[in-house]
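Chains, contacts and geometry: an overview
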Amino acid sequence: RTVPMLPERLCNDICSLRPNEEKLAFSCIFEMNGQAHIFNHRIVRTVIESDRRFTYEEAQQIIETGEGDFAEELLTLDKMAKALRKRRFDNGAVNFDRLEVRFEIDETGHPISVYFKESKDANKLIEEFMLLANRQVATDIGKTGNSKKKAKPFVYRIHDNPDPDKMSNFAEIASRFGYKIRTKGKASEVNSSLNKMLDKVKGHAEENLLSILAIRSMAKAVYSTVNIGHYGLAFDYYTHFTSPIRRYPDMMVHRLLTKYLDEHGRSVSEKKYEALCEHSSAMEQLAASAERASVKYKQVEFMTERLGQVYDGVISGVTEWGLYVELNENKCEGMIPIRDLDDDYYEFDEKNYCLRGRRKNRTYSLGDPITIRVARANLEKKQLDFALEE
């Protein structure tokens, strides 16, 4: 479900760009050619009247078939978005394209099936133009063109360089699966080799594992008034501007823009805005944790009715207390406690991410395929226990 940030009447009615209704908006207007090279742009207050609201599925179908409402416009935008995307990756952006696990639930909130949400061309089209607007707004405010002139305080979305140790560890794990990743050199070269690996791994058993580990090796993006650029997107200036009715930092950006676009817009307290940025980053982390916990809860609830069933999976984590296994069919993750591996005395080899039997030398390594039986499900602890199915 969705919990709106603002009162529902604002979120879904007054501030929402509903078709055939005039709305007040902030617009980033670009003049560009078919290859998405920008000749001109302006950030202005506008009155906007939308002609049509599409779902992603509707837009995707038009992109795939070339037929439907505004087909010509959508196909042009799709072509331009692909040019923007290519340029972004050529400049060294990281391509994280992960499947999202979603549940179909009945009217009581009970999960009845699992499906995967995939980012298709329609999603990527919107993403590229949102990135473009976000980047342009941050650039216009942050780039003074004068090295002595200090930019006005602003809310940036920043992403630091990855921790070299985490990157080296990740490269080492990837190499065990036969993938080479550069860990030294220019950011664009490192990211280019990372993208090649993420591309090659698609469809393989280790895909999910290596994607997760790649994300974990990166720093977390946060909000700040101190701009250090955005490593993952390979942008020097970036902010969040496009969702002011559902993200508070975007609302701060709109307020600052309103202030600065007036000729005499006075500067604001950087200290005050840095505190607001820190709070927003902390709340974002909290929301992400809540989302992960809710998915985990639904996964356990879903598997409660499948006790005793056998599934194929892949070892997604190795610890001294057991093996984490992610099931291929529905991406639910559970654990085989080390005490249940009773055919030998197993020791945890931290460096090689594996459990090794002392007597028979049998090993269970990260990324190994494995067959399990669902043994226990504890909803309160959001915990699934698996047993090894020989």
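A few points on the structure. Because the structure is predicted, anything quoted here is derived from the model rather than measured.

Turning our attention to empty space enclosed by the protein. This model, assessed by the stated rule, comprises 1 cavity of 30 Å³ or more. In this model, the largest cavity occupies a volume close to 60 Å³. Tallied by class, the residues present in the lining of the largest cavity amount to 3 nonpolar, 2 polar and 4 charged.

Moving on: the packing of helix α8 (residues 248-261) against helix α9 (residues 270-304). Packed helices, taken two at a time, are described by the angle their axes make and the gap between the axes. Running from N to C, α8 and α9 cross one another at 155°; their axes reach a closest spacing of 10 Å. The angle between α8 and α9 falls in the class roughly antiparallel. Note on element contacts: α9 touches α8 through Y273, L276, C277 and S280, opposite Y248, P249, M252 and L256. Here the contact of α8 with α9 is built from residues that sort into 7 nonpolar, 1 polar and no charged.

Its 20 residues give helix α3 (residues 71-90) an end-to-end C-alpha distance of 28 Å, which sits within 8% of 28 Å, the value for a rise of 1.5 Å per residue. Within the span of α3, buried status applies to A71, L74, D78, M80, A81, L84, R85, R88 and F89. On its buried face, α3 sits against β1 (22-32), α2 (56-65), α4 (121-142) and α6 (187-200). Positioned one or two residues after α3, G92 has a phi angle of 110°, which is positive.

With that settled, consider the pairing of strand β14 (residues 383-388). Buried residues dominate β14, accounting for 5 of its 6 residues. Pairing analysis gives 6 bridges linking strand β13 (residues 369-378) to β14, with the strands arranged antiparallel. Bridging from a neighbouring strand, V374 pairs with F386 of β14. The hairpin turn running from β13 into β14, its antiparallel successor, is 4 residues long, and K382 in that turn takes a positive phi close to 50°.

Bringing the pairing of β13 into the picture now. Judged from the 5 bridges that link them, strand β7 (residues 310-319) and β13 form a sheet pairing that is antiparallel. Of the residues in β13, the one forming a bridge with D312 is T371.

What counts and how
- Residues numbered from 1 in each chain as written.
- Predicted model: local features only at pLDDT ≥ 70, side-chain atom pairs only at ≥ 80, totals over all residues.
- Heavy atoms only, no water.
- 1 Å grid on protein atoms, 1.4 Å probe; cavity = no way out; pocket = protein on both sides within 12 Å on 5 of 7 lines; lining within 4 Å.
- Points joined across faces, edges and corners; volume = space filled by probe spheres on them.
- Nonpolar A, V, L, I, M, F, W, Y, C, P; charged D, E, K, R; others polar.
- Axes fitted to C-alpha atoms, helices over the stretch in contact; angles between N-to-C directions.
- Helix = DSSP H or I, 4+ residues; strand = E, 2+ residues; numbered from the N terminus.
- Parallel < 35°, antiparallel > 145°, perpendicular 65-115°, else oblique.
- Contact = heavy atoms within 4.5 Å.
- Expected span 1.5 Å × (residues − 1).
- Buried < 20%, exposed > 50% of the residue type's maximum accessible area, 1.4 Å probe, protein only.
- Pairing = 2+ DSSP bridges.

Shape is all these values report; function is a separate question.
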